Amino acid sequence: MATEPLRRFQNRRFLHFLAAAYAVAWIVTAIRPIDRGDWFIENLLVFAAVPVLILTYRRLPLSDASYLLLAIFLALHAIGAHYTYAKVPIGDWMKEALAWDRNHFDRLVHCLFGLLLLVPVREVLMRTVRARGFWSYALPFTVIVSASGFFEIVEAIVAQIVSPELGTAYLGTQGDQWDAQKDMAVAVAGALCSIVLVAAIAALLGRKTPRR
Amino acid sequence: MTISNAGQRGPSFLRTNRFVVALASIYGISWVFLAFAPRDRAAWVLENLLVVFFVGALVFTFRRFTFSNRSYFLIAVFLSLHAVGAHYTYAQTPFGEWLKEAFDLSRNHFDRIIHFSFGLLMAYPVREVLLRVAKLPRIVALWMAVAGVLAASTIFEIVEAIAAEAVSPGEGPRWLGGQGDVWDAQSDMVLAFIGAAAAMLLTWSRGIPSSRKTNGNRAAA
């Protein structure tokens, strides 16, 4: 709300811990990634997102919960970037254990994009444009789904610039012709799960705004 | 359906909404014509499932939420183009065939034109809903209308992929909708995005007054 007091960063212990933990994770995963070129491309997102979070802090400090969800997502993305996604050990282990035909770590992160980021986006929309009730779910859902679609467009453009002849063999798709649709579908599913969870929590707590 | 609504509303409705009645009549007649002997009846049914739900929703919500005439016009143009595409299964639409010949293209691009038109024509009605129902600030409504169109395009591509697997499993994007293009989904989405961005840029630059103030029939009712 506009009336909420500005919470100074100095007083938010939890955020100190969170920022430090993410910084450590980012630095560790920045050391000797499997493919530096790919690591750099994946981190363009981080170079854009983190400054935005820092610069908007004074005007719009988010709740601890929102920053925690953002940090979890960014940490998983750092792990993916370190291993070029297609070679993340947990994904390889799941591929072996469950006899999957590919490393599904990227799918997991696409799903978590919807699941984790709906809450911070919702908080921003509730506080800046006063989205309420139905719209406090529909608007963040729209933002998440369109962002997922936008990401797939950018990925396709990058793939054609980097290796036009490779086409679907590009590492983002791992040879799956429905890769883009599956990525987007899991993001939609993640966002829908998040909506159900947020609505349930809001109903249980009997209030509509996430508090710090 | 619109006529029965008109009856309930009395003569004042017809007088103030003559444009909408004319629009619905023209669309209804062209839809019926294009429903005769389509190239592929199954594909036609599939394409029209969406139309039935969408037009049904427009009729059902007509009295609670009446769009501006401009929005109804844009929606009618889009639905008419879609009716043409559905008649010719999109991939065989004559205009697209002509384009393919004339410009030596690898495929019939009529579906791409419709994806672009979806963005160009539907962003404005979406913005109107966002302004009047969600009560978003004007600048935010412009951005969210583009996001809304892109999100709808994204969900459409997901549904299309599921339908493709159901209709012709294992063929991937070689099926009808994809026409063999591995980047078909991304191309469709980027065109919808460009169309929506262009429409919202135009709306923003012309500073069209909010439909809240210009909606004649609401003021009259």
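As shown above, the structure is provided for reference.
A. Here's a closer look at the overall build of chain B. The helix and strand inventory of chain B stands at 11 helices and zero strands. From first element to last, N terminus to C terminus, chain B shows the α and β order α-α-α-α-α-α-α-α-α-α-α. Going through the 221 residues of chain B one by one, you find that 47% of them count as buried. Summarising the internal contacts of chain B: among those between residues at least 6 apart in sequence, 73% fall at separations of at least 24. For chain B, the exposed surface amounts to about 11400 Å²; the carbon and sulfur share of it is 70%.

B. Focus on the packing of helix H6 (residues 135-162) of chain A against helix H8 (residues 138-167) of chain B. Between H6(A) and H8(B), the shortest axis-to-axis distance is 8 Å and the interhelical angle comes to 65°. In terms of orientation, H6(A) lies roughly perpendicular with respect to H8(B). Every pair of crossing elements has a handedness; the one defined by H6(A) and H8(B) is left-handed. Residues A:Leu139, A:Phe141, A:Thr142, A:Val143, A:Val145, A:Ser146, A:Gly149, A:Phe150 and A:Ile153 of H6(A) touch H8(B), and the partners they reach there are B:Met144, B:Ala147, B:Gly148, B:Leu150, B:Ala151, B:Thr154 and B:Ile155. Within the contact of H6(A) with H8(B), the residues separate by chemical class into 11 nonpolar, five polar and no charged.

C. Here's a closer look at the packing of helix H1 (residues 13-30) of chain A against helix H2 (residues 36-55) of chain A. Residues and elements named next belong to chain A. Where H1 contacts H2, the axes come no closer than 12 Å and their chain directions differ by 160°. By the angle between their axes, H1 is roughly antiparallel relative to H2. Between H1 and H2 the crossing geometry is left-handed. Of H2, the residues touching H1 (which contributes Tyr22, Trp26, Thr29 and Ala30) are Arg36, Trp39, Asn43, Val46, Phe47 and Val50. Considered class by class, the residues forming the contact of H1 with H2 number seven nonpolar, two polar and one charged.

D. Spotlight on unusual backbone geometry. Residue and element names in this part refer to chain A. Phi at Arg32 is positive, roughly 40°, even though this residue is not glycine. Secondary-structure assignment places Arg32 in the loop between H1 and H2. Classification of Arg32 as exposed rests on a relative accessible area of 75%. One non-glycine residue, Ala99, lies in positive phi territory at about 55°.

E. Representation of the environment of B:Leu46. Among the structural elements, B:Leu46 can be located in helix H4 (residues 41-60). Residues B:Leu46 and B:Thr89, 43 residues apart in the sequence, show an inter-C-alpha distance of 10.0 Å.

F. Quick peek at the nonpolar core. A:Leu139, B:Phe78, B:Leu130, B:Leu136 and B:Met200 are the most contacted members of the largest nonpolar core, which has 42 residues in total. The set of elements that each furnish at least two residues to this core consists of H6 of chain A together with helix H3 (18-35), H4, helix H5 (69-87), helix H7 (110-132), H8 and helix H9 (184-206) of chain B. Sorting elements by how many residues they give to this core places H7(B) first, with nine residues. The contact partners of B:Met200, leaving out residues within four places of it in the chain, are B:Ala123, B:Tyr124, B:Arg127, B:Leu142, B:Ala145 and B:Val146. Residues A:Tyr67, A:Tyr137, A:Val145 and A:Met184 belong to the second largest nonpolar core, which totals 37 residues.

G. Seen up close, the interface of chain A and chain B. Listed by partner, the interface residues are 24 residues for chain A and 31 residues for chain B. Of the roughly 2300 Å² buried between chain A and chain B on both sides combined, carbon and sulfur atoms contribute 83%. Of all residues in chain A, the largest losses of buried area upon contact with chain B belong to A:Trp135, A:Ile153 and A:Trp178, amounting jointly to 25% of the total for that side. Between chain A and chain B we count zero salt bridges in total. Scanning the region where chain A abuts chain B turns up one residue pair in polar contact (both at pLDDT 80 or more). At the level of secondary structure, the elements contributing two or more residues to the side of chain A that touches chain B comprise H6 and helix H7 (179-205) of chain A. Examining the composition of the side of chain A that touches chain B, we find that 14 residues originate from one element, H6(A), more than from any other.

Calculation criteria
- Residues numbered from 1 in each chain as written.
- Chains lettered and ligands numbered in written order.
- Predicted model: local features only at pLDDT ≥ 70, side-chain atom pairs only at ≥ 80, totals over all residues.
- Heavy atoms only, no water.
- Helix = DSSP H or I, 4+ residues; strand = E, 2+ residues; numbered from the N terminus.
- Buried < 20%, exposed > 50% of the residue type's maximum accessible area, 1.4 Å probe, protein only.
- Contact = heavy atoms within 4.5 Å.
- Areas by Shrake-Rupley, 256 points an atom, 1.4 Å probe, with all protein chains shown as cover.
- Axes fitted to C-alpha atoms, helices over the stretch in contact; angles between N-to-C directions.
- Parallel < 35°, antiparallel > 145°, perpendicular 65-115°, else oblique.
- Left-handed = near helix turned anticlockwise from the far one by under 90°.
- Nonpolar A, V, L, I, M, F, W, Y, C, P; charged D, E, K, R; others polar.
- Core = buried A, V, L, I, M, F, W, Y, C linked by side-chain atoms within 4.5 Å.
- Buried area = accessible area lost by both parts, 1.4 Å probe.
- Salt bridge = Lys/Arg side-chain N within 4 Å of Asp/Glu carboxyl O.
- Polar contact = N/O pair within 3.5 Å; in protein donor to acceptor, adjacent residues only side chain to side chain.

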